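Spelled out, the chains give:
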Amino acid sequence: MAKRPRRNHGAAFKAKVALEAIKGERTLIELAERFQVHSNQITTWKKQLLEGAEEVFAKDKKNRGGCKRKRTSCKDRTACNGE
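Residues numbered from 1 in each chain as written. Predicted model: local features only at pLDDT ≥ 70, side-chain atom pairs only at ≥ 80, totals over all residues. Heavy atoms only, no water.

Caption draft 1: Just the packing of aromatic side chains, in detail. Tallying each qualifying case throughout the model produces two aromatic pairs. Here Phe 13 and Phe 35 contribute two aromatic rings whose centre-to-centre distance is 5.9 Å and whose plane-to-plane angle is 80°, an arrangement assigned as edge-to-face. Here Phe 35 lies in helix H2 (residues 28–35) and Phe 13 lies in helix H1 (residues 11–23), a separation of 22 residues in the sequence. A relative accessible area of 10% places Phe 35 in the buried class. Aromatic pair Phe 13 and Trp 45: ring centres 6.0 Å apart, planes at 85°, arrangement edge-to-face. Of this pair, Phe 13 sits in helix H1 while Trp 45 sits in helix H3 (residues 39–56), placing them 32 residues apart in sequence. Grouping aromatic residues by their ring pairs yields a cluster made of Phe 13, Phe 35 and Trp 45. (Phe/Tyr/Trp six-rings, centres within 6.5 Å; stacked < 30°, edge-to-face > 60°. Helix = DSSP H or I, 4+ residues; strand = E, 2+ residues; numbered from the N terminus. Buried < 20%, exposed > 50% of the residue type's maximum accessible area, 1.4 Å probe, protein only.)

In structure tokens, the structure reads:
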């Protein structure tokens, strides 16, 4: 039996799968078959999403590492962060 090559999933895919798991409309087994990932991986991504959700609404934007200038005056993110 040939070994399956290692796959690296992007953040958007992980978020999509984790949100589907949080919705609870399908079982983990159904999601695993649909997205072709192991159910343990879905559980891990779901846990990471729930733990990191607070950061989305954090008042202190310095912790998120965003642009320090107003968006209207910043055309290039690298220029803003390299002040």
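Caption draft 2: Spatial organisation of the layout of surface pockets. When its volume is computed, the second largest pocket comes out at roughly 210 Å³. If you go around the second largest pocket, the residues you meet are Arg 4, Pro 5, Arg 6, Arg 7, Asn 8, His 9, Gln 36, Val 37, His 38 and Gln 41. Here the residues of the lining of the second largest pocket are counted per class, giving two nonpolar, five polar and three charged. (1 Å grid on protein atoms, 1.4 Å probe; cavity = no way out; pocket = protein on both sides within 12 Å on 5 of 7 lines; lining within 4 Å. Points joined across faces, edges and corners; volume = space filled by probe spheres on them. Nonpolar A, V, L, I, M, F, W, Y, C, P; charged D, E, K, R; others polar.)

Caption draft 3: Broad picture of H2. Buried within H2 we find Leu 31, Ala 32 and Phe 35. Relative to the axis of H2, the buried residues are bounded by an arc of 100° and lie together on one face. Set apart from the buried face of H2 by more than 90 degrees, the exposed residues are Ile 29 and Glu 33. Packed against the buried residues of H2 are H1 and H3. Looking one or two residues beyond H2, the residue adopting positive phi is Gln 36, at roughly 55°. (Arc of directions from axis to C-beta. Contact = heavy atoms within 4.5 Å.)

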